[in-house]
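Single-letter residue listing:
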Amino acid sequence: MKVCIVGAGYVGLVSAACFSDFGWNVACVDKNEEKISQLLSSKIPIYEPGLDDLVARNVQAGRLSISTNLAASVADAEIVFLAVGTPMRKGDGHADLSYIFLAVEEIAPMLKTFTVVTTKPTVPVCTSRRIEERLRELQPDADFAVCSNPEFLREGSAIQYFMHPDRIVIGCDEERAENLMRRLYKPLTLREAQIMFTDREPAELAKYAANAFLAMKNSFINEISDLCERVGADVQQVAASIGRDRRIGEKFLSPSCGVRRLMLPKRCLRDHPHSSRERDTRNGC
């Protein structure tokens, strides 16, 4: 299988390295010539344990190519992943999809045979349908399908998460595209990874829902940490106690600076013997 990944950022590079390690022929393309030059010199521009070895091994084996040549990479690809950035826009905080649609306009004339165009980054609901509409405008006769395959990687352990995922979510409503995506991820299903096929909108929303839930869980344990400091309790013991409840789970119950922490109302503990342990700062968070 031939795969093209547009964007050699965190998600794109990790995905390219892992897919090529499955045995697929993967072309990772980026416009940033300096970044590509670094990668071709075996310099990984991001920190991810094991990624340098994974990239080098698959480049040497001929399964992974890294370049700025979009035309050649897309022309032979059965699946094209859009893995460019979707940063927050200044002012309104909305996702900036300009890089996504710039990539769409560039790949449109290169779609010669049936191709699955798939989004990898976090994108607003209905983005895949907007991509489909734009591709139809640009190439009315092109044979393609657009899918959503959100990534749930965790920085610092992304390779482990990719190779041993809790689940793989694919939003797809075209049988040929579903068959190709099943084939792409077959090496993981042999390891009993669960593939969940949904419509496109649920797949796109699932990423936001997961992020929001994890942020809520992190914020919750941070608030419990504040409460523990006021009453003289050990937050780690509290986290271990509630984490053993299977409805809650043990993950993401470590106090951290990952989410902005909120002040607990002082009136809640005004009369508690440890209430003098109030803090005006949050360890720099």
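As the structure is a prediction and not an experimental result, all values here were calculated from the model.

**A short note on the environment of N32**
Then comes step 1: Secondary-structure assignment places N32 in the loop between β2 (25–29) and α2 (33–40).
Then comes step 2: C-alpha separation for the pair N32 and G7, spaced 25 residues apart in sequence, amounts to 9.1 Å.
Then comes step 3: Side-chain polar atoms of N32 contact the backbone nitrogen of E34, separated by 3.1 Å.

**Digging into α2**
It helps to recall that an α-helix has 3.6 residues per turn; residues three or four apart then point in one direction.
Then comes step 1: At the N-terminal end of α2, a side-chain oxygen is found 3.1 Å from the backbone nitrogen of E34, two or three residues along, and the residue is N32.
Then comes step 2: At the exit of α2 stands S42, carrying a positive phi of roughly 65°.

**A word on the pairing of strand β5 (residues 115–119)**
Then comes step 1: A large share of β5 lies buried, amounting to five of its five residues.
Then comes step 2: Where burial is concerned, the two faces of β5 agree: the one with T115, V117 and T119 and the one with V116 and T118 are both buried.
Then comes step 3: Both strand β4 (residues 79–82) and β5 contribute to a ladder of four bridges, which runs parallel. Residue pairing in the sheet places V80 in a bridge with V117 of β5.

**Points about a nonpolar patch on the surface**
Then comes step 1: Taken together, the side chains of F213, L214, M216 and F252 make up a nonpolar region of the molecular surface, amounting to roughly 360 Å² of accessible area.
Then comes step 2: Relative to the elements of secondary structure, F252 occurs in the segment after α11 (235–243).

**Some points on the confidence of the model for the chain**
Then comes step 1: On average, residues of the chain score 87 in pLDDT, and 90% of them reach the 70 mark or higher.
Then comes step 2: Confidence drops under pLDDT 50 across residues 260–285; counting only partners more than four residues distant or on other chains, this segment forms 41 contacts.

**Description of the packing of helix α6 (residues 127–138) against helix α10 (residues 200–231)**
Then comes step 1: In the contact formed by α6 and α10, the axes pass within 8 Å of each other and the chain directions differ by 130°. Considered as vectors, α6 and α10 are oriented oblique to each other. Each of T127, S128, R129 and E132 in α6 lies in contact with α10, whose residues at this interface are R200, E201 and E204.
Then comes step 2: Classifying every residue of the contact of α6 with α10 by side-chain character gives no nonpolar, two polar and five charged.

**A short note on helix α5 (residues 98–107)**
Then comes step 1: Within α5 the residues assigned to the buried category are I100, F101, A103, V104 and I107. Seen end-on, α5 carries its buried residues on one side only, within an arc spanning 155°.
Then comes step 2: Those residues of α5 hidden inside the fold are in contact with β1 (2–6), α4 (70–75), β4, β5 and α6.

**Some words on the packing of aromatic side chains**
Each aromatic ring pair is characterised by the separation of its centres together with the angle its planes make.
Then comes step 1: Overall, the coordinates contain five aromatic pairs when judged by the stated rule.
Then comes step 2: An angle of 80° between the planes, with centres 5.8 Å apart, marks the rings of F19 and F22 as edge-to-face.
Then comes step 3: Overall, the relative accessible area of 15% leaves F22 in the buried class.
Then comes step 4: For the pair F19 and F162, a centre-to-centre distance of 5.1 Å together with 85° between the ring planes defines the contact as edge-to-face. Residue F19 is located in helix α1 (residues 10–21), and its partner F162 is located in helix α7 (residues 158–163); the two are separated by 143 residues in the primary sequence.

**Side note on the pattern of salt bridges**
Then comes step 1: By the definition in use, this model includes 17 salt bridges.
Then comes step 2: Note that K35 is salt-bridged to D30, the shortest N-O span being 3.7 Å.
Then comes step 3: Residue class for D30 comes out buried when judged on its relative accessible area of 13%.
Then comes step 4: E178 is the salt-bridge partner of R182, the closest N and O atoms lying 2.9 Å from each other. Residue R182 and its partner E178 are located together in helix α8 (residues 175–184), separated by four residues, close to a single helical turn.
Then comes step 5: Its relative accessible area of 41% is what places R182 among the partly exposed residues.
Then comes step 6: For E178, a relative accessible area of 24% gives the class partly exposed.
Then comes step 7: Counted as one network, the salt bridges with shared partners bring together R129, E132, D173, R200 and E201.

**A word on the nonpolar core**
Then comes step 1: Grouped together as the largest cluster of nonpolar side chains are 45 residues, with contacts concentrated most on F19, L184 and Y185.
Then comes step 2: Looking at this core element by element, the count peaks at seven residues for α1.
Then comes step 3: When residues no more than four places from it in sequence are discounted, the contact partners of L184 are M1, V3, F19, F22, W24, I79 and F81.
Then comes step 4: In terms of nonpolar packing, the next biggest core, distinct from the first, is built from 26 residues, L70, V80, A103 and F144 among them.

Calculation criteria
Residues numbered from 1 in each chain as written. Predicted model: local features only at pLDDT ≥ 70, side-chain atom pairs only at ≥ 80, totals over all residues. Heavy atoms only, no water. Helix = DSSP H or I, 4+ residues; strand = E, 2+ residues; numbered from the N terminus. Polar contact = N/O pair within 3.5 Å; in protein donor to acceptor, adjacent residues only side chain to side chain. Buried < 20%, exposed > 50% of the residue type's maximum accessible area, 1.4 Å probe, protein only. Pairing = 2+ DSSP bridges. Patch = residues over 30% accessible without salt bridge, like charges linked within 9 Å, V, L, I, M, F, W, Y side chains within 5 Å. Areas by Shrake-Rupley, 256 points an atom, 1.4 Å probe, with all protein chains shown as cover. Salt bridge = Lys/Arg side-chain N within 4 Å of Asp/Glu carboxyl O. pLDDT = per-residue confidence, 0-100. Contact = heavy atoms within 4.5 Å. Axes fitted to C-alpha atoms, helices over the stretch in contact; angles between N-to-C directions. Parallel < 35°, antiparallel > 145°, perpendicular 65-115°, else oblique. Nonpolar A, V, L, I, M, F, W, Y, C, P; charged D, E, K, R; others polar. Arc of directions from axis to C-beta. Phe/Tyr/Trp six-rings, centres within 6.5 Å; stacked < 30°, edge-to-face > 60°. Core = buried A, V, L, I, M, F, W, Y, C linked by side-chain atoms within 4.5 Å.

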